[in-house]
Amino acid sequence: MTSFEVGDFVWAKMTGYPYWPAKVVEPDKDVKKPSKKVEMYFIRFYGTGDFAWTKADLIHKYDENKEKYSLGSKRSGFLDAVKSIEHAVERREKGLPDTSDEEEEESEPESEGSDDQPLAKKAKSEQGSSMETAATPPAKKRRKVAKKSLPTREESTPTTEQRNLTTDSRLSPDTTADADSTTNIVPKDIIPTDKSIGFLGLGIMGVPMALNLVKAGHEVTVWNRSQARCTPLVEAGAKQGTSPADVVQHCDIIFSCVSDANAVRDLVIGNTGVLQGISAGKGYIEMSTVDSDTIKEISEAITMRGGRFLEAPVSGNKKSAEQGKLVILAAGDRSLYMDAYSCFEALGKKTFFLGELGSGGNTKLIVNMLMGSFMASLAEGLSLAEKAGVDQYTLLDVLNLSDIACPLVKTKGAAILEVTFSS
């Protein structure tokens with residue numbers, strides 16, 4: 001295995017991303033080295049100022065691999081990073097120091113950070129950069145960059161700011177029983193995975209969800225029983241598969257969002273279904289709300305073919321799906337969860353990794369039970385108001401100003417009174 005020294009120009013990789021221009025640097029005193037028994041180096045990524053401990057087998061010499069990796073992406077952030085490292089290489093050849101890692105001293109006050117980012121420490125500052133932006137102009141003193149991370153095992157203690165999210169000190173579910181979650185604020189600055197994405201099922205929720213994946217820059221192939229439902233996706237830049245098996249054969253990660261358990265089974269084990277295309281390493285993510293028995297049945301069928309399986313039912317409605325504000329309840333194969341991270345960013349305002357398979361569906365069913373109970377109580381209350389001679393709209397105004405005020409009261413209450421149930 002190739003060894004590296006501080007100052008070496010390299011290409012370094014994180015799961016789901018192309019090899020990125022970087023340099024081996026002295027470890028940041030604020031970042032603890034992972035306790036893994038593998039050789040790791042502390043890497044600074046050009047164009048972002050981000051840092052991460054990275055396994056040696058994910059690092060390659062820059063000059064020897066420039067032709068191989070320099071075309072890894074056409075996105076502006078990547079191209080800016082290549083320009084930055086080329087400038088640094090040129091300066092070194094002239095005997096001049098590389099000043100690209102010298103950034104102006106932190107001038108912004110410390111932020112509290114988010115309570116929802118996995119595998120990271122609390123961010124020291126709200127100011128940061130993403131791989132979508134150009135490198136920070138050099139200054140006299142290097143600024144301390146907010147420590148942020150991507151959810152990957154390969155970089156056990158990453159500090160990169162690619163996701164443009166703040167972080168906290170809570171450990172990942174790999175070492176604690178706490179749920180792992182990520183929070184996004186729309187509009188989102190998402191770096192799409194380089195893995196190809198498939199999406200099966202373009203119903204009320206599926207169409208806007210797939211569109212958000214396309215808009216975020218993912219390479220998406222779609223399929224639906226009614227081919228006409230694919231049209232807006234194809235017009236937006238997606239490809240159209242001829243069958244579930246065809247989509248699976250051509251994609252790395254496949255999402256499914258259909259109506260019920262029967263539709264889920266038919267999609268997977270039916271004629272030209274998912275199982276006919278699944279193979280070792282491919283990931284299948286079931287976003288339909290179905291019972292745990294169905295989830296386990298489908299999971300076994302997928303994994304027996306060498307595939308990876310994740311359940312990820314969502315909480316939200318059509319509007320939430322359109323706005324990318326769903327709450328995603330993932331459970332199952334954690335490596336697949338991490339590989340699909342950028343997709344979850346595009347689809348939701350918050351994603352939870354809940355651990356063992358079945359936890360996601362059970363959590364969603366509990367949420368549905370509580371929402372159903374509340375909806376019944378709301379309808380009964382409005383009916384009682386009518387019988388008691390209380391103006392129903394006035395009651396709704398009271399509820400919306402009380403301690404039980406919530407989007408459900410506001411939207412569903414008005415829908416009940418106006419007899420409009422499309423949402």
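Refer to the structure presented above.
For clarity, every value in this text was computed on a predicted model and none was experimentally measured. (Residues numbered from 1 in each chain as written. Predicted model: local features only at pLDDT ≥ 70, side-chain atom pairs only at ≥ 80, totals over all residues. Heavy atoms only, no water.)

Visitor: Explain the overall build of the protein to me, please; I cannot follow it from the model alone.
Guide: For the protein, the count of helices and strands is 13 helices and 15 strands. When each of the 423 residues of the protein is scored for burial, the buried share is 50%. Partitioning the contacts of the protein with sequence separation of at least 6, the portion at a separation of at least 24 is 66%. Looking at the protein as shown, the accessible area adds up to about 20000 Å², and 52% of this sits on carbon and sulfur atoms. (Helix = DSSP H or I, 4+ residues; strand = E, 2+ residues; numbered from the N terminus. Buried < 20%, exposed > 50% of the residue type's maximum accessible area, 1.4 Å probe, protein only. Contact = heavy atoms within 4.5 Å. Areas by Shrake-Rupley, 256 points an atom, 1.4 Å probe, with all protein chains shown as cover.)

Visitor: Can you help me understand the pattern of salt bridges in this one?
Guide: Oppositely charged side chains are able to pair whenever their charged atoms sit close together. Inspection of every chain in the model, using the stated rule, returns 7 salt bridges. Residue lysine 239 pairs with glutamate 219 through a salt bridge whose shortest N-O separation is 3.6 Å. Placement of lysine 239 in strand E9 (residues 239–240) and of glutamate 219 in the loop between helix H3 (206–215) and strand E8 (220–223) is noted, with a sequence separation of 20 residues between them. The shortest N-O distance in the salt bridge between arginine 265 and glutamate 297 comes to 3.0 Å. Here arginine 265 is found in helix H6 (residues 261–269), whereas its partner glutamate 297 is found in helix H7 (residues 292–304), with 32 residues between them in sequence. Residue class for arginine 265 comes out partly exposed when judged on its relative accessible area of 24%. (Salt bridge = Lys/Arg side-chain N within 4 Å of Asp/Glu carboxyl O.)

Visitor: What is the right way to look at the pairing of strand E2 (residues 20–24) in this model?
Guide: In the case of a regular strand, side chains alternate between the two sheet surfaces. Of all 5 residues making up E2, 5 are buried, and the element is well covered by its neighbours. Here E2 shows no split at all, with Trp20, Ala22 and Val24 on one side and Pro21 and Lys23 on the other all buried. Bridge count for strand E1 (residues 9–12) against E2 is 4 bridges, and the pairing is antiparallel. Each bridged residue has a counterpart across the sheet, and for phenylalanine 9 the counterpart in E2 is lysine 23. Across 3 bridges, E2 lies against strand E3 (residues 40–45) in antiparallel orientation. Bridged to alanine 22 within E3 is phenylalanine 45. (Pairing = 2+ DSSP bridges.)

Visitor: Before we go on, may I ask you to explain unusual backbone geometry in this structure?
Guide: Backbone geometry follows two general trends: most residues other than glycine have a negative phi, and most peptide bonds adopt the trans configuration. In this model, threonine 272 sits at a positive phi of 55°, which is unusual for a non-glycine residue. Its place among the elements puts threonine 272 in the loop between H6 and strand E11 (283–286). Take threonine 272: its relative accessible area is 32%, and that puts it in the partly exposed class.

Visitor: Explain the packing of aromatic side chains here, please?
Guide: When we look at a pair of aromatic rings, we describe it by the centre distance and by the angle of the planes. On inspection of all chains with the given rule, the structure shows 13 aromatic pairs. Among the aromatic residues, ring-to-ring pairing joins Trp11, Tyr19, Trp20, Tyr62, Tyr69 and Phe78 into one connected group. Its end group placed over the ring of tyrosine 46, arginine 44 keeps NZ or CZ at 4.4 Å from the ring centre. The positively charged end of arginine 334 is found above the aromatic ring belonging to phenylalanine 353, 5.0 Å away from the centroid. (Phe/Tyr/Trp six-rings, centres within 6.5 Å; stacked < 30°, edge-to-face > 60°. Lys NZ or Arg CZ within 6 Å of the ring centre and 35° of its normal.)

Visitor: How should I be thinking about the environment of leucine 200 in this particular structure?
Guide: Note that leucine 200 resides in strand E7 (residues 197–200). When the C-alpha atoms of leucine 200 and phenylalanine 255 are compared, they prove to be 6.1 Å apart, with 55 residues separating the residues in sequence. What leucine 200 contacts, discounting residues up to four positions off in sequence, is Trp223, Pro244, Val247, Ile254, Phe255, Ser256, Cys257, Val258, Leu267, Val274 and Tyr284.

Visitor: Would you take a moment to explain the sheet that holds strand E5 (residues 59–61) for this structure?
Guide: By definition, the strands of a sheet pair up through backbone hydrogen bonds, in either a parallel or an antiparallel sense. Pairing is antiparallel in the open sheet, where 5 strands are placed in the order E4-E3-E2-E1-E5. The sheet is open, and its two edges are formed by strand E4 (50–55) and E5, each paired on a single side. Between one strand axis and the next, the sheet turns by 45° as a mean value, whatever way the strands run. Of the strands in this sheet, E1 and E2 are in contact with helix H2 (residues 76–93), which crosses E2 at around 40°. (Axes fitted to C-alpha atoms, helices over the stretch in contact; angles between N-to-C directions.)

Visitor: Got a minute to help me understand the packing of helix H12 (residues 392–400) against helix H13 (residues 407–418) in this structure?
Guide: Helix packing geometry: the angle between the two helix axes and the distance between the axes. Put simply, H12 and H13 touch, their axes get as near as 10 Å, and they point 175° apart. Relative to H13, H12 is oriented roughly antiparallel. Contacts between H12 and H13 involve Gln392, Tyr393, Leu396, Leu399 and Asn400 from the former and Val409, Lys410, Gly413, Ala414, Leu417 and Glu418 from the latter. Its residues assigned to classes, the contact of H12 with H13 shows 6 nonpolar, 3 polar and 2 charged. (Parallel < 35°, antiparallel > 145°, perpendicular 65-115°, else oblique. Nonpolar A, V, L, I, M, F, W, Y, C, P; charged D, E, K, R; others polar.)

Visitor: Would you take a moment to explain the nonpolar core for this structure?
Guide: Among soluble globular proteins, nonpolar side chains are generally buried collectively. With 38 residues, the main nonpolar core has Phe199, Met209, Phe255, Ile285 and Met287 as its most contacted residues. It is H3 that contributes the most residues to this core, 6 residues altogether. Ignoring any residue separated from it by four or fewer positions in sequence, one finds phenylalanine 255 in contact with Ile197, Gly198, Phe199, Leu200, Ile285, Met287, Ala340, Cys343, Phe344 and Leu347. Residues Tyr19, Val24, Tyr41 and Phe45 belong to the second largest nonpolar core, which totals 28 residues. (Core = buried A, V, L, I, M, F, W, Y, C linked by side-chain atoms within 4.5 Å.)

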